[in-house]
Amino acid sequence: MGPNLATAASRRPGAAAFGYAPFSQVLPRAGALVCHGGIGSVAQGLRAGCPTLVVAFAHDQFNNGVRIQQAGAGLMIQRPRLTVRRLSSLLRRMLDDPQ
């Protein structure tokens, strides 16, 4: 983690920056995971039972995102379509879903 990230995070109340935070410890406590959709990240989200928003932009990420949606474990959006408004809307949709 570069010094700029740590400095920016330390200026925000309630924010923290870490050089490393293992998914196996973080995701079971997380409300949602936003990731690129690589198989490792997706598998960790599934293992933790954490709703996953896949922001796919290459390779197998599109397929992994579609499978996450089909399994009811999250949603997927292609990177070129991502905006702050869409991200917010998709996260709210996932977090408001009781399943």
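Details of the structure are given in the entry above.
Quick look at the structure, then. (Residues numbered from 1 in each chain as written. Predicted model: local features only at pLDDT ≥ 70, side-chain atom pairs only at ≥ 80, totals over all residues. Heavy atoms only, no water.)

**Let's talk about the pairing of strand β2 (residues 52–56)**
Every other side chain in a regular strand lies on the same face of the sheet, so the side chains alternate between the two faces.
Argument step 1. Of all five residues that make up β2, five are buried, and the element is covered over most of its length.
Argument step 2. Alternating residues of β2 divide into Thr 52, Val 54 and Ala 56 and Leu 53 and Val 55, and every residue in both groups is buried.
Argument step 3. In this view, the connection linking strand β1 (residues 33–35) to its parallel neighbour β2 by way of helix α3 (residues 39–48) has right-handed handedness.
Argument step 4. Following the backbone out of β2, through helix α4 (residues 61–70) and into the adjacent parallel strand β3 (residues 74–78), one traces a crossover that is right-handed. (Buried < 20%, exposed > 50% of the residue type's maximum accessible area, 1.4 Å probe, protein only. Helix = DSSP H or I, 4+ residues; strand = E, 2+ residues; numbered from the N terminus. Right-handed = clockwise from strand over helix to strand, strands pointing away.)

**Digging into unusual backbone geometry**
Argument step 1. Positive phi outside glycine occurs at His 59, with the angle close to 50°.
Argument step 2. Along the chain, His 59 turns up in the loop between β2 and α4.
Argument step 3. Taking relative accessible area as the criterion, His 59 reaches 75% and is therefore assigned exposed.

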